[in-house]
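# Coordinate inspection notes
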Amino acid sequence: MSLYVQKFGGTSVGTVERIQVVADKVAKFRNDGHDMVIVVSAMSGETNRLIGLANSMQETPDPRELDVLVSTGEQVTIALLCMALKERGVDARSYTGGQVSILTDNSHNKARIQEIGVENIRSDLDAGRVVVVAGFQGVDDQGNITTLGRGGSDTTGVALAAALKADECQIYTDVDGVYTTDPRVVDSARRLEKVTFEEMLEMASQGSKVLQIRSVEFAGKYNVPLRVLSSFVDGPGTLITLDEEGNAMEQPVVSGIAFNRDEAKVTVVGVPDTPGAAARVLSPIGGANIEVDVIVQNISEDNTTDITFTVHRNDVTKTQAVLQPVCEELGVRELKTDDKVAKISVVGVGMRSHAGVASTMFETLANENINIQMITTSEIKIAVIIDERYLELAVRALHSAFELSDA
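Throughout what follows, the structure given in this document is the object of discussion. Just so we're clear, the structure is a prediction, and the values are computed from it rather than from any experiment. (Residues numbered from 1 in each chain as written. Predicted model: local features only at pLDDT ≥ 70, side-chain atom pairs only at ≥ 80, totals over all residues. Heavy atoms only, no water.)

### What about the packing of helix 2 (residues 46-57) against helix 3 (residues 63-70)?
Here helix 2 crosses helix 3 at 145 degrees, and the two axes come no closer than 9 Å. Between helix 2 and helix 3 lies a crossing whose hand is right-handed. Facing Leu50, Ile51 and Ala54 of helix 2, the residues of helix 3 in contact are Leu66, Leu69 and Val70. By residue class, the composition of the contact of helix 2 with helix 3 is six nonpolar, no polar and no charged. (Axes fitted to C-alpha atoms, helices over the stretch in contact; angles between N-to-C directions. Helix = DSSP H or I, 4+ residues; strand = E, 2+ residues; numbered from the N terminus. Left-handed = near helix turned anticlockwise from the far one by under 90°. Contact = heavy atoms within 4.5 Å. Nonpolar A, V, L, I, M, F, W, Y, C, P; charged D, E, K, R; others polar.)

Below you can see the structure in the form of structure tokens.
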């Protein structure tokens, strides 16, 4: 029999009735003889409720105390699920992140896992118990409760699967797999049976919300087979795994179309074209913990250049505040922002061995009179920034151009 680590997200455990459904599913696996470790999120909406309570007490909640508060959401779920399993005659035991000894660094609200102790889990599995672990949380070396950031339960699940050498880590969510693009935008979007870690990582980083990026990185690093499944509909889901050697030529050219509506474009006009000027613009942004995505620097004219980059839409005001003194110091002509842009990407490992993907993408957008504002590429991805109002038209046109539909 196999060892499975299964993770259930907030919508999957959003009500008592849904927790009962999860218990039925887990009990069936256990009764079939499998060893089971279950990772759960807080009930849907609970983390937001707790953050709201924190905000009512402090304008900027203390990071350590916020972690203490929000970690309680998962504790409710692990206890309820264990009760439901015991009611079904399945012995189960719950653990918080600290009880499992999920050791993290001390970066509150965005901690990273450093080590996992699995002795308690192994003992319980050997005794025939189902182990239920609180996702999203751990402890630092001082014993302080830490949390892993939004979507961190995915990372908990993958990290436990890696530490336990599980046969598969199964992520149960409200979708039945990874699709060629968002089915809400393209009716004919197709569920993928298998994608590579590389493709999933690109799709997640380009806007696909199915899995947290860090969980995909972790799975790829430790070669943990990862499967995305629906909590509500039976089916095979999508397996995320290493690309088997020798199969690269058999891969479709493009596996999916990812997009992100949360982009904003920032342009610094008239930057002195001197060594180090770009660093003087971008370094303070990194220092302010603002993530920069696409970067383009124009050809120099009159010994000045323009630097354009994208940030998350929520970071525009903060970016302007950080750059204002830098712009005054450098004597730039203008600082412009545009929060009405979006990013669209074509992703596929098959792009390595096929030419013409870029030309097909650009011609397709041109045929729809969609202007490309910025371009960035990697070995298996081409991403462009376009006007947000054309996003859905662009997604549908590219999905058709690369023949990604069922038909």
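### Remarks on the sheet that holds strand 18 (residues 341-347)
Two pairing modes exist for strands in a sheet, parallel and antiparallel, and in both the strands are linked by backbone hydrogen bonds. Strand order in the open sheet made by the four strands is 13-18-20-19, with antiparallel pairing throughout. At either end of the open sheet lies a strand with only one pairing partner, and these are strand 13 (256-260) and strand 19 (374-378). Across the sheet, the mean angle separating the axes of adjacent strands is 20 degrees when strand polarity is ignored. Pairing geometry for strand 18 and strand 20 (residues 381-387), over seven bridges, is antiparallel. Of the residues in strand 20, the one forming a bridge with Ser345 is Ala383. Sheet strands in contact with helix 8 (residues 197-205) are strand 13, strand 18, strand 19 and strand 20, and its direction is about 170 degrees off that of strand 18. Against the sheet, helix 12 (residues 357-367) contacts strand 18, strand 19 and strand 20, and its axis sits at roughly 15 degrees relative to strand 20. (Pairing = 2+ DSSP bridges.)

### Things to note about the pattern of salt bridges
When the charged atoms of two side chains lie near each other, side chains of opposite charge can form a pair. Going through the model one piece at a time under the given rule, you end up with 19 salt bridges. Among the salt bridges present, the one from Asp24 reaches Arg88, with a minimum N-O distance of 2.6 Å. You can see Asp24 sitting in helix 1 (residues 16-31) and its partner Arg88 sitting in the loop between helix 4 (72-87) and strand 3 (92-95), a full 64 residues away along the chain. Here Lys86 ties to Asp91 by a salt bridge, and the two come within 3.4 Å at their closest N and O atoms. A residue is classified by how much of its surface remains accessible, and Lys86, at 47% relative accessible area, is partly exposed. In the salt-bridge network here, residues are joined through shared partners; they are Lys86, Asp91, Arg93, Asp124 and Arg129. (Salt bridge = Lys/Arg side-chain N within 4 Å of Asp/Glu carboxyl O. Buried < 20%, exposed > 50% of the residue type's maximum accessible area, 1.4 Å probe, protein only.)

### Topic: the nonpolar core
If you look at the biggest cluster of nonpolar residues, it comprises 41 residues, and the most contacted ones within it are Val37, Ile121, Val133, Leu211 and Leu226. Element by element, the count of residues in this core is highest for helix 7 (residues 152-164), at six residues. For Leu211, the contacting residues outside a window of four places in its chain are Asp154, Ile171, Met200, Ala204, Val216, Leu226, Val228 and Ile240. (Core = buried A, V, L, I, M, F, W, Y, C linked by side-chain atoms within 4.5 Å.)

### Things to note about the environment of Arg150
Looking at the element boundaries, Arg150 is found in the loop between strand 8 (145-147) and helix 7. Discounting residues that sit within four places of it in the chain, Arg150 has contacts with Thr47, Asn48, Ile51, Phe136 and Gln212.

### Things to note about the side chain of Asp124
For Asp124, the location among the structural elements is in helix 6 (residues 119-126). Separated by 2.4 Å, the side chains of Asp124 and Tyr95 make a polar contact. Asp124 has contacts with Arg93, Tyr95, Arg129 and Val131, leaving out every residue within four places of it along the chain. (Polar contact = N/O pair within 3.5 Å; in protein donor to acceptor, adjacent residues only side chain to side chain.)

### What to know about the pairing of strand 2 (residues 35-40)
With five of its six residues buried, strand 2 lies for the most part within the structure. Two strands pair when backbone bridges link them, and strand 1 (residues 3-8) and strand 2 are joined in this way by six bridges, in the parallel orientation. Across the sheet, residue Gln6 finds its bridge partner in strand 2, namely Ile38. Inspection of the sheet shows strand 2 paired to strand 6 (residues 130-134) by four bridges, in the parallel sense. Bridged to Val40 within strand 6 is Ala134.

### What about the side chain of Ser345?
Its place among the elements puts Ser345 in strand 18. Looking at Ser345, the relative accessible area reads 0%, which means it is buried. Leaving out residues up to four positions away in the same chain, Ser345 has contacts with Gln206, Gly256, Ile257, Ala258, Lys381, Ile382 and Ala383.

### Focus on the sheet that holds strand 17 (residues 334-338)
In space, the four strands of this open sheet follow the order 15-16-14-17, with antiparallel pairing throughout. With one partner strand each, in any of the chains shown, strand 15 (292-297) and strand 17 form the two edges of the open sheet. Neighbour-to-neighbour, the strand axes of this sheet turn through a mean angle of 15 degrees, independent of strand direction. As paired strands, strand 15 and strand 16 (residues 304-312) are joined by four bridges and run antiparallel to one another. Paired with Val296 across the two strands is Thr308, which belongs to strand 16.

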